[in-house]
Amino acid sequence: MFKKVLVANRGEIAVRVLRACEERGIPTVAVFSEVDRSALHVRYADEAYCIGPAPSRDSYLRIDKIIDVARKAGVDAIHPGYGFLSENAAFAAACADAGITFIGPPPDAIERMGDKVVARQTVARHGVPLVPGSPPGLRDEELIAFAKTIGFPVMIKASAGGGGKGMRAVQEPEQLPDMLAAARREAASAFGNDEVYIEKLIPNARHIEIQILADSHGNIIHLGERECSIQRRHQKLIEEAPSVAVEENLRQEMGRVAIAAAEAVNYVNAGTVEFLFDSRDNRYYFLEMNTRLQVEHPVTEFVTGIDIVKEQIAIAAGRRMRYRQEDITPKGWAIECRITAEDPFNNFLPSTGTVTFLQEPTGPGVRVESALYRGFEVTLYYDPMVAKLVVWGETRAEAILRMRRALNEYRIGGIKTSIPFHQSIMDNTEFIWGTFDTGFLDRLRLNREMRRAKEYEKIAAVAAALVAHEEGRKAVHIGNAQADSRRNLWKQAGRIRAVRGLW
Amino acid sequence: MKYYARVGQTEYEIEIDGDAVYVDGERLEVDLRQSGVPELYSMLFNARSYELLIEPERFNYRISLRGEHFDVQVEDERTRRLNAGRKTLALPEGELAVTAPIPGLVVKVLVAPGDAIEEEQPLVILEAMKMENEIRAVRSGVVKKVEVAPGQRVEQNGLLLTLE
């Protein structure tokens, strides 16, 4: 096993990986940007080193600085988490050059799956079904011409994509030039590469993905599917395992196809093969392979009982996998809600600020993966996801009820979060029936649907008035205690408020 | 003592008389207690139990209730009288300043002076947290002046454009 592991990431995922290392008895090293000095991942690690200023290109994306720290701290392995350098083949290669194990797939597998166009060509040769899409390296005019040949609607995707960045659904031909420009800008900003391609958009499809694990001894298994159709702007917001749309024989078939896709690139470590699933005819199409741990891995962990991060570490250390395919029997139902610092009542605009209060839900079947603490600063530098709330239930109905309960218990002060959005989804009949697809949130017309309960508004108004009244009474009390009994008590109340910054 | 609590577009008249609380004239059974943590309260509202996070902010209270946030502006009778005397408007009547709700980089301005716009129409694209965010019109109107250009950084509450 490894002597010491560096976690090249921040936020909840860095904490998650540190915990796995700790449970394996491996000392840990954190890296952090200047604004993250007090972050949980810094405090939970055994050692921590600053790698630069807040913008990620100057810190968490600096391969040279991270390798320097790894050498200085004497680590023999690096876990990249998700995002940042997790799917960067150059980083995996730099680790190898420095004699450090990259806890993830080989650089060649990252490279071939990382370029979405090359990935499509590679897996197609292994019999994996594909959505019709454009060849690589086309200019805008060529993409526009190509889109006409496959017909609208189409989907623009960043070749180096992920996380919904650089993706645009285009309904009409005249929208395409502007959408291409926007997708290229976003891709360049997120990935440093503005290459995009076009795929046929399959309406009413579900997003189903298969988690796989592969060791370096030629063993490869799948851990069943995750349903990730609840997306906003192609970013997943709610994930669950299993999927209501997938029956056992289809699960095994998609599992075999996912394994074939992984074998096509000699894959080792944890990975996920994403499919679009058309429930009208039970057909599925390869979307892409994520060559890393994913945000939604806890739902699979809940239903399979496997600690995917610990397994990743063991595989990277050259161990043989402890599980065979026949050992994997999903049990119960798990749901994850991504808690983001965004205002669901205002178009999901990012909400920055200091977390002034925090009370996370607990209780049976509840797991919170979080980087939050009281005093935590949500800045504009990083992704708005600040925590994940994951629940397990024996049935899907129990999991939904448990999620409702846990969301009701969650208190985060100082920033706006996506919690009310998740509450409204847990109450939505289409979600409860499980008949949704990737177009679900667009149909909801979020801003119109997200209406606050009038009763709650009234309760909030009364509570505020009572607190204001109490503050006034305290001011009166202070006034009475003073010698000058004729002092204007309302002025006193005003002073209290002034001191508090209210006036 | 009478208070006026405004949440969004709705105003509630709340009278507190000893233990009695009247909301718009209707008597309610209300009991509010601190939980031991300064901002966390337990409220019994007509015997229904709620946990509330109440944080004082400038001129208002931010209240979190079952995951939902409410910004409540409270005035007592006297303050209301005083404020009525000193209210001034930053802009001439009928004009609306569209400001940046978050700091960010202006990627694109989607409207020009003279454009007639609808409620909910995207006006400006602002990049923050690595995503492009659409700033939309809160009401319909005509663009009077555009104050920003693509590539420009804006601070929170920075003026983007004015509508009339």
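Going by what an unreviewed UniProt entry lists, chain B is known as Acetyl-CoA carboxylase biotin carboxyl carrier protein subunit and is assigned to Litorilinea aerophila.

An unreviewed UniProt entry lists chain A under the name biotin carboxylase, with Litorilinea aerophila given as the organism.

### Looking at the overall build of chain B
The helix and strand tally for chain B stands at one helix and 17 strands. Taking 2.2 N^0.38 as the reference for a compact globule, 164 residues should give roughly 15 Å; the C-alpha atoms of chain B span a radius of gyration of 21 Å, well beyond that estimate. Seen along its three principal axes, the alpha-carbon backbone of chain B occupies a region of about 55 × 40 × 25 Å. Classification of the 164 residues of chain B by burial places 42% in the buried group. A sequence separation of at least 24 residues applies to 39% of the contacts in chain B between residues at least 6 apart. For chain B, the accessible area works out to roughly 8700 Å², and carbon and sulfur atoms hold 45% of it. Of the side-chain charges in chain B, 20 are positive and 30 negative, and the distance between the mean point of each set is 3 Å.

### Regarding the interface of chain B and chain A
Chain B puts 63 residues into the contact, and the matching count from chain A is 68 residues. A buried area of about 6000 Å², summed over both sides, lies between chain B and chain A, and 62% of it is on carbon and sulfur atoms. If you look at where chain B meets chain A, you find three salt bridges. A salt bridge links Lys458 of chain A to Glu26 of chain B, with the nearest nitrogen and oxygen atoms 3.7 Å apart. Counting across the chain B and chain A interface gives 14 residue pairs in polar contact (both at pLDDT 80 or more). For the side of chain B that touches chain A, the element with the most residues is strand β7 (residues 48-57) of chain B, which contributes eight residues. Grouping the amino acids of the side of chain B that touches chain A by side-chain chemistry returns 37 nonpolar, seven polar and 19 charged.

### Digging into the domain arrangement of chain A
Per the domain assignment, the segments of chain A are domain 1 (5-103), domain 2 (132-200), domain 3 (206-443) and domain 4 (454-502). Just the C-alpha atoms count here: the centres of domain 3 of chain A and domain 4 of chain A sit 47 Å apart.

### Let's talk about the sheet that holds strand β15 (residues 141-146) of chain B
Residue and element names in this part refer to chain B. With respect to topology, four strands assemble into an open sheet ordered β10-β17-β15-β12, the strand pairing being antiparallel. A strand with exactly one partner marks an edge of an open sheet, and here the two such strands are β10 (96-99) and β12 (116-117). Relative to β15, β12 runs antiparallel, the two sharing two bridges. Residue pairing across strands places Ala116 opposite Val142, the latter belonging to β15.

### Considering the domain arrangement of chain B
Segmenting chain B into domains produces domain 1 (2-79) and domain 2 (87-163). Taking only C-alpha atoms into account, the centre of domain 1 of chain B sits 33 Å from that of domain 2 of chain B.

### Side note on the sheet that holds strand β4 (residues 26-28) of chain B
Residue and element names in this part refer to chain B. Across the sheet, nine strands lie side by side as β4-β3-β2-β1-β9-β8-β7-β6-β5; this open sheet has antiparallel pairing. At either end of the open sheet lies a strand with only one pairing partner, and these are β4 and β5 (30-34). Averaged over all pairs of adjacent strands, the angle between their axes in this sheet comes to 30°, without regard to strand direction.

### Here we look at the pattern of salt bridges
Side chains that carry opposite charge are capable of pairing whenever their charged atoms lie near each other. In the structure shown here, the tally under the stated rule is 51 salt bridges over all chains. Note that Asp278 of chain A is salt-bridged to Arg280 of chain A, the shortest N-O span being 3.1 Å. Relative accessible area serves as the criterion here: at 6%, Asp278 of chain A is assigned to the buried category. Classification of Arg280 of chain A by relative accessible area gives exposed; the value is 60%. In this structure, Arg80 of chain B engages Glu75 of chain B in a salt bridge whose closest nitrogen and oxygen atoms are separated by 3.0 Å. Sharing partners across several salt bridges, the network here consists of Glu209, Arg226, Lys236, Glu239, Glu274, Glu296 and Arg338 of chain A.

### Concerning the environment of Tyr381 of chain A
Looking at where Tyr381 of chain A falls in the secondary structure, it is placed in the loop between β20 (377-378) and β21 (385-393). Tyr381 of chain A sits in the partly exposed class, given a relative accessible area of 41%.

### Here's the deal with the confidence of the model for chain B
On average, chain B scores 86 in pLDDT, and the residues at 70 or more come to 93%. Here the complex is predicted with pTM 0.83, and the ipTM for its interfaces comes to 0.70.

### A word on the packing of aromatic side chains
Residues and elements named next belong to chain A. If you walk through the whole model with that rule in mind, you get eleven aromatic pairs over all chains. Their ring planes at 85° and their centres at 5.9 Å tell us that Phe91 and Phe102 sit as a pair that is edge-to-face. Of this pair, Phe91 sits in helix α4 (residues 89-97) while Phe102 sits in strand β5 (residues 101-102), and the two are eleven residues apart along the sequence. For the pair Tyr373 and Phe376, a centre-to-centre distance of 5.5 Å together with 85° between the ring planes defines the contact as edge-to-face. Classification of Tyr373 by relative accessible area gives buried; the value is 18%. Relative accessible area serves as the criterion here: at 8%, Phe376 is assigned to the buried category. In this structure an aromatic cluster arises from ring pairing among Tyr60, Phe84, Tyr381 and Tyr382.

### Re the packing of helix α5 (residues 107-114) of chain A against helix α6 (residues 116-124) of chain A
All names here are of chain A. Relative orientation of the contacting elements α5 and α6 amounts to 100°, with a least axis distance of 5 Å. Relative to α6, the element α5 lies roughly perpendicular. Of the residues in α6, those in contact with Arg112, Met113 and Gly114 of α5 are Lys116, Val118, Ala119, Thr122 and Val123. Counted by class, the contact of α5 with α6 contains four nonpolar, two polar and two charged residues.

### Considerations on the nonpolar core
Nonpolar side chains in soluble globular proteins tend to be buried together. Core analysis: the biggest nonpolar cluster contains 40 residues, and Ile238, Ile335, Ile339, Leu389, Met426 and Phe431 of chain A have the highest contact counts within it. Mapped onto this core, the elements with two or more residues apiece are β11 (235-241), β14 (333-340), β19 (366-370), β21, α12 (396-409), α13 (419-426) and α15 (440-444) of chain A. Aside from chain neighbours lying at most four places away, what touches Ile238 of chain A is Glu227, Cys228, Ile230, Ile335, Glu336, Cys337, His422, Ile425, Met426 and Phe431 of chain A. Grouped together as the second largest cluster of nonpolar side chains are 34 residues, Val462 of chain A together with Ala5, Tyr41 and Tyr50 of chain B included.

Calculation criteria
- Residues numbered from 1 in each chain as written.
- Chains lettered and ligands numbered in written order.
- Predicted model: local features only at pLDDT ≥ 70, side-chain atom pairs only at ≥ 80, totals over all residues.
- Heavy atoms only, no water.
- Helix = DSSP H or I, 4+ residues; strand = E, 2+ residues; numbered from the N terminus.
- Rg over C-alpha atoms; globule rule 2.2 N^0.38 Å.
- Buried < 20%, exposed > 50% of the residue type's maximum accessible area, 1.4 Å probe, protein only.
- Contact = heavy atoms within 4.5 Å.
- Areas by Shrake-Rupley, 256 points an atom, 1.4 Å probe, with all protein chains shown as cover.
- Lys, Arg positive; Asp, Glu negative; His and termini not counted.
- Charge placed at Lys NZ, Arg CZ, Asp CG, Glu CD.
- Buried area = accessible area lost by both parts, 1.4 Å probe.
- Salt bridge = Lys/Arg side-chain N within 4 Å of Asp/Glu carboxyl O.
- Polar contact = N/O pair within 3.5 Å; in protein donor to acceptor, adjacent residues only side chain to side chain.
- Nonpolar A, V, L, I, M, F, W, Y, C, P; charged D, E, K, R; others polar.
- Domains from an automatic or database assignment.
- Pairing = 2+ DSSP bridges.
- Axes fitted to C-alpha atoms, helices over the stretch in contact; angles between N-to-C directions.
- pLDDT = per-residue confidence, 0-100.
- Phe/Tyr/Trp six-rings, centres within 6.5 Å; stacked < 30°, edge-to-face > 60°.
- Parallel < 35°, antiparallel > 145°, perpendicular 65-115°, else oblique.
- Core = buried A, V, L, I, M, F, W, Y, C linked by side-chain atoms within 4.5 Å.

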